[in-house]
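The chain contents come next:
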Amino acid sequence: MKNQTPKEVLNVCEMLSNAGFEAYIVGGSVRDLLLGLEPKDWDVTTNATPDQILALFPRAFYENDYGTVGVVTHETDEELDKVSESLRIVEVTPYRTESEYTDGRRPDKVRFGVSLEEDLKRRDFTINAIAYDPINDILKDMFDGVKDLKDKVIKTVGNADDRFGEDSLRLLRAVR
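Here the structure is a predicted model, which is why all the values come from computation and not from measurement.

Topic: the environment of D65
Relative to the elements of secondary structure, D65 occurs in the loop between β3 (60-61) and β4 (69-72). Take D65: its relative accessible area is 64%, and that puts it in the exposed class. With 45 residues separating them in the primary sequence, D65 and V110 have C-alpha atoms 7.9 Å apart.

Quick look at the structure:
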């Protein structure tokens, strides 16, 4: 999978790793790579906080309550013109846990600094709870998502009632 990871994403992971942080590609991009598909976007998770991520990447922005930092992957507009839309910004989000979802869509509060396992545990489906470390070429599959991909099965991480109660859009994602 390392050979399939775009240099822009590798560069983001290398910067985090060189600064002493963990960096994993997560979610749909890992699932798509395992299926032999081209990912539509690239998400990285790390044990760095938003402030630490911002300090590492001069062309980054943070405009939300969920910890996601957008890292602009090129120095000039001319370079950006040569890159696909999905690689212009790599989203980097700290490991996190989430509180209740009183609106049935978004967590009321997020907490940073937890482990990779805790971060993956809050995700919707096992096939989206697979993490890949492209620097060390290590796949972390704590919830048997690879097996579920091979078996063509969609399972929630943990209790299905909890996952669907947190975010009702997960029902639509399961069908899609």
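More follows now that the structure is in view.
Section: the pairing of strand β1 (residues 23-26)
Across the two faces of β1 the burial is the same, with A23 and I25 and Y24 and V26 all buried. The pairing of β1 with strand β2 (residues 43-46) spans four bridges and is antiparallel. The residue bridging I25 from the neighbouring strand is V44, located in β2. Relative to strand β8 (residues 131-133), β1 runs antiparallel, the two being bridged by two bridges. Bridge assignment links V26 to a residue of β8, and that residue is A131.

Remarks on helix α1 (residues 7-18)
Along its twelve residues, α1 runs 16 Å from first to last C-alpha, staying within 8% of the 16 Å computed at 1.5 Å per residue. Of the positions making up α1, those classed as buried are E8, V9, L10, V12, C13 and L16. At the exit of α1 stands G20, carrying a positive phi of roughly 95 degrees.

What counts, and at which threshold
Residues numbered from 1 in each chain as written. Predicted model: local features only at pLDDT ≥ 70, side-chain atom pairs only at ≥ 80, totals over all residues. Heavy atoms only, no water. Helix = DSSP H or I, 4+ residues; strand = E, 2+ residues; numbered from the N terminus. Buried < 20%, exposed > 50% of the residue type's maximum accessible area, 1.4 Å probe, protein only. Pairing = 2+ DSSP bridges. Expected span 1.5 Å × (residues − 1).

Nothing here speaks to function; it is all geometry.
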